Amino acid sequence: MTAKISYDSVEVGTELTAQSFPVSRATLVRYAGASGDFNPIHWNEKFAVEVGLPDVIAHGMFTMAEAIRVVTDWVGDPAAVVEYGVRFTKPVVVPNDDKGALIEVSAKVAVKLDDNRVRVDLVAMSGGQKVLGMSRAVVQLA
Amino acid sequence: MALDQSFVGRSYPPTDPYEVGREKIREFAEAVGDTNPAYTDAEAAKAFGHPDVIAPPTFVFAISFKAAGLVIEDPQLGLDYSRVVHGDQKFAYTRPVRAGDRLTVTSTIEAIKSLAGNDILDIRGEVHDEAGEHVVTAWTKLVARAAEPAAEGA
């Protein structure tokens, strides 16, 4: 494991570079294939509405995968992420138009732990709503 | 109807090994738009100290969730999967998943709760490699929403 960020260089409150991730219906179809999650709520508007959703929604695991990129891009080696957990609070609604949806992720160092580890707290927003809650990663730094 | 508390602590048999392929990792990384070379370039992964390309942190969910199907589809437990949403997900890694791994998953029901008519099920998946070494633990919280009152006249 070779993190490019040193433990000594970060403080509680250090902000990671925020990122925005666009999501279209094509993105979801591609993710469905790669992940094997073919639940029709992620690609079939008629089905999604019938089960009470406003529209097709992104896979929660897709949002989780995007959010951690803020951390892995920061630290370099993805293996530096030793723990990662989220709560799925609101769905990311993905309309079938030119724009789709946007997942906006910010993150900051919340706690400095022992053994050169830090806890990073993430916030993921879409459509003005928090889509991930209690989103935290423990990261092994150099 | 609330789920049977006696299922708490129950473990299911380990799954058949899932062989992690380089191209599957590449496909997953491309699907989430992640260009970190550790996922696609063995030399880049080696520069980080890994023997081969590694998988993104959430990749293993596809394997652990498939294993959780043993719990979800257990007719004795009787979970109504059509009402299930994914509540929480957490991973704790001993090491990253990498190409060539042959992974088995052992699922255990950690908790069953009933809250406002919702059934909440916590499943822990322990993922091990072919040598029996621990790779990652995946905790999945599923929420089966309360059945709506029967429609009028139904």
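Residues numbered from 1 in each chain as written. Chains lettered and ligands numbered in written order. Predicted model: local features only at pLDDT ≥ 70, side-chain atom pairs only at ≥ 80, totals over all residues. Heavy atoms only, no water.

Draft legend 1. Expanded view of the pairing of strand β3 (residues 102-115) of chain B. Residues and elements named next belong to chain B. Where strand β1 (residues 18-19) meets β3, two bridges bridge the pair, whose relative direction is antiparallel. By the bridge assignment for β3, E19 is matched with R102. The pairing of β3 with strand β4 (residues 118-128) spans 11 bridges and is classified as antiparallel. Across the sheet, the residue bridging to T108 is R124, located in β4. Here β3 folds back onto β4 in antiparallel fashion, the turn holding two residues, of which A116 has a positive phi close to 50°. (Pairing = 2+ DSSP bridges. Helix = DSSP H or I, 4+ residues; strand = E, 2+ residues; numbered from the N terminus.)

Draft legend 2. Geometry of a nonpolar patch on the surface. A cluster of nonpolar side chains, namely V29, F38 and W43 of chain A, defines an oily patch on the protein surface of about 340 Å² accessible area. Locating W43 of chain A in the fold gives a position in the loop between α1 (25-35) and α2 (45-50). (Patch = residues over 30% accessible without salt bridge, like charges linked within 9 Å, V, L, I, M, F, W, Y side chains within 5 Å. Areas by Shrake-Rupley, 256 points an atom, 1.4 Å probe, with all protein chains shown as cover. Salt bridge = Lys/Arg side-chain N within 4 Å of Asp/Glu carboxyl O.)

Draft legend 3. Region of the structure containing the interface of chain B and chain A. Taken together, the 29 residues of chain B in the interface contact 29 residues of chain A. Among the residues chain B hides against chain A, the three largest losses belong to A31, V32 and F48 of chain B. Together they make up 22% of the total. Counting across the interface, chain B meets chain A through three salt bridges. Salt-bridge contacts for R87 of chain A lead to D88 of chain B; the nearest nitrogen and oxygen are separated by 3.3 Å. At the junction of chain B with chain A, the criterion picks out 11 residue pairs in polar contact (both at pLDDT 80 or more). Counting residues per element, the ones that place at least two in the side of chain B that touches chain A are α1 (22-31), α3 (61-72) and β2 (84-93) of chain B. Broken down by class, the residue content of the side of chain B that touches chain A amounts to 15 nonpolar, eight polar and six charged. In terms of strand pairing, strand β2 (residues 81-88) of chain A meets β2 of chain B through five bridges, oriented antiparallel. Bridge pairing links R87 of chain A to D88 of chain B in β2 of chain B. (Contact = heavy atoms within 4.5 Å. Buried area = accessible area lost by both parts, 1.4 Å probe. Polar contact = N/O pair within 3.5 Å; in protein donor to acceptor, adjacent residues only side chain to side chain. Nonpolar A, V, L, I, M, F, W, Y, C, P; charged D, E, K, R; others polar.)

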